[in-house]
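Now for the letters of each chain:
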Amino acid sequence: MNNKRIYLSPPHMSGEELDFIHEAFSSNWIAPVGPHVDAFEKEFCRTTGAAHAAAVSSGTAALHLAMIIAGVRSGDEVACSTFTFAGSAFPIVYRGATPVFIDCEERSWNMDPQLLEDAIKNRTQKGKKIKAAIAVHLYGQSADLDPIMDICRRYDITLIEDAAESLGATYKGKYTGTMASIGVFSFNGNKIVTTSGGGMIVSGDKEIAEKARFLATQARDPAPHYEHSSIGYNYRLSNVLAGIGRAQLHVLQERIGKKRAIFSRYFLNLSGIPGFAFMPEAEYGISNRWLTCLTIDPDGSGCTAEEIRLALEAENIESRPLWKPMHAQPVFSGAPAYINGVSERLFRNGLCLPSGTNMNENDLSAVINCITKASHA
Ligand SMILES: Cc1ncc(COP(=O)(O)O)c(C=O)c1O
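Rules used throughout
- Residues numbered from 1 in each chain as written.
- Predicted model: local features only at pLDDT ≥ 70, side-chain atom pairs only at ≥ 80, totals over all residues.
- Heavy atoms only, no water.
- Pairing = 2+ DSSP bridges.
- Helix = DSSP H or I, 4+ residues; strand = E, 2+ residues; numbered from the N terminus.
- Near = heavy atom within 4 Å.
- Polar contact = N/O pair within 3.5 Å; in protein donor to acceptor, adjacent residues only side chain to side chain.
- Areas by Shrake-Rupley, 256 points an atom, 1.4 Å probe, with all protein chains shown as cover.
- Nonpolar A, V, L, I, M, F, W, Y, C, P; charged D, E, K, R; others polar.
- Salt bridge = Lys/Arg side-chain N within 4 Å of Asp/Glu carboxyl O.
- Buried < 20%, exposed > 50% of the residue type's maximum accessible area, 1.4 Å probe, protein only.

Draft legend 1. Up close: the sheet that holds strand 7 (residues 174–175). An order of 7-6-11 is seen for the three strands of this open sheet, with the pairing classed as antiparallel. Lying at the two open borders of the sheet, with one neighbouring strand each, are strand 7 and strand 11 (285–286). Direction of pairing for strand 6 (residues 170–171) relative to strand 7: antiparallel, over a ladder of two bridges. Following the sheet pairing, Thr170 is matched in strand 7 by Tyr175.

Have a look at this one:
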């Protein structure tokens, strides 16, 4: 971090984390195994309604394991939201598979189910088979899962929910990450609940969670010596970090309340500026509003998102463009993509505003005043 006055989404500890860390130290469970790891998994299930969970070292690791468990291998294709962070798509390539990028809907900024089906049909015509799909719940809002799950069922595609940004958000009353065959979460430092770094893989199928635990601990077969009949990974979450996660779960609902209040405050003060449009909340669920995001139409407002970002930067306030779509990333050039222009427009005009749950009234006013001034300049 380079000394900003206000950051985008910094970690926010409750204080209780230290008790759990002390407990880990005093019991000497300083390893990627231990009572906090077991308890964190159980408490995560209780919090989200997931049936089974395996705690791992990052969201990216969780997705990599999900790819392996879904049977994705070299030569396969995997459909993935194009409007996302690269951590959603990299694990496809770790398996030697090809991502097929799918654009998003205006109303949710998440995977467009119709485009997904078009892509599947088109890949089939080309003699390709989409083996799995990764639906991302971006910026804390659920994708429209019912039609996506229905399509995946009809075409025999394993669906993975990337709920890295959406812990605690709901879709038709259920928590994101818990509805598809496999769900993954991230506890990276910028997330609504953090362990500094960490992730979770959840499933309704006990065998999937057990397989994830097995692969994440170097695929050790049951034997007194070290015996391996599969390739493993060192992906388990540390017991110390799981302790931090347990304390963080206690404040999840409070954090969601604060994130939503931050969104409302920005909305109230800035949505009247011509050309400013905030991320919509689809009627089917409740977003955790991980980051407050908006688009700025230069024709309507007379200023650009980049001008606003630079004005904030000049006051030492961090903001960031929305995710650059994966199909536009140099590393994925040439990957098949089914595009409708929505993610490209969002990237061109979009901005994430500071949304840290430790922001106070002065911080919010500073951001709002700076944007108001810059938009009238
Ligand atoms: C949508 C999305 N997917 C995957 C990841 C990867 O998670 P991690 O950073 O824990 O590896 C992140 C964030 O970091 C993310 O925002």
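Draft legend 2. Just the site of the ligand, in detail. Lining the immediate environment of the ligand, one finds 15 residues, of which Gly59, Thr60, Asp162, Glu165 and Ser186 sit closest. Ser186 is positioned with one of its side-chain polar atoms (N or O) 2.7 Å from an oxygen atom of the ligand. Here the ligand, which alone exposes 390 Å², has 93% of that area covered by the protein. Along the lines of polarity and charge, the residues of the shell around the ligand split into three nonpolar, nine polar and three charged.

Draft legend 3. Structural view of the pattern of salt bridges. Using the criterion set out here, one finds 21 salt bridges in the structure. The shortest N-O distance in the salt bridge between Arg107 and Glu105 comes to 3.4 Å. You can call Arg107 partly exposed: its relative accessible area is 31%. With a relative accessible area of 13%, Glu105 lands in the buried category. Asp146 is paired through a salt bridge with Lys172; the nearest N and O atoms lie 2.7 Å apart. You can see Asp146 sitting in helix 6 (residues 145–154) and its partner Lys172 sitting in the loop between strand 6 and strand 7, a full 26 residues away along the chain. For Asp146, a relative accessible area of 35% gives the class partly exposed.

So yeah, pure geometry; function would need other evidence.
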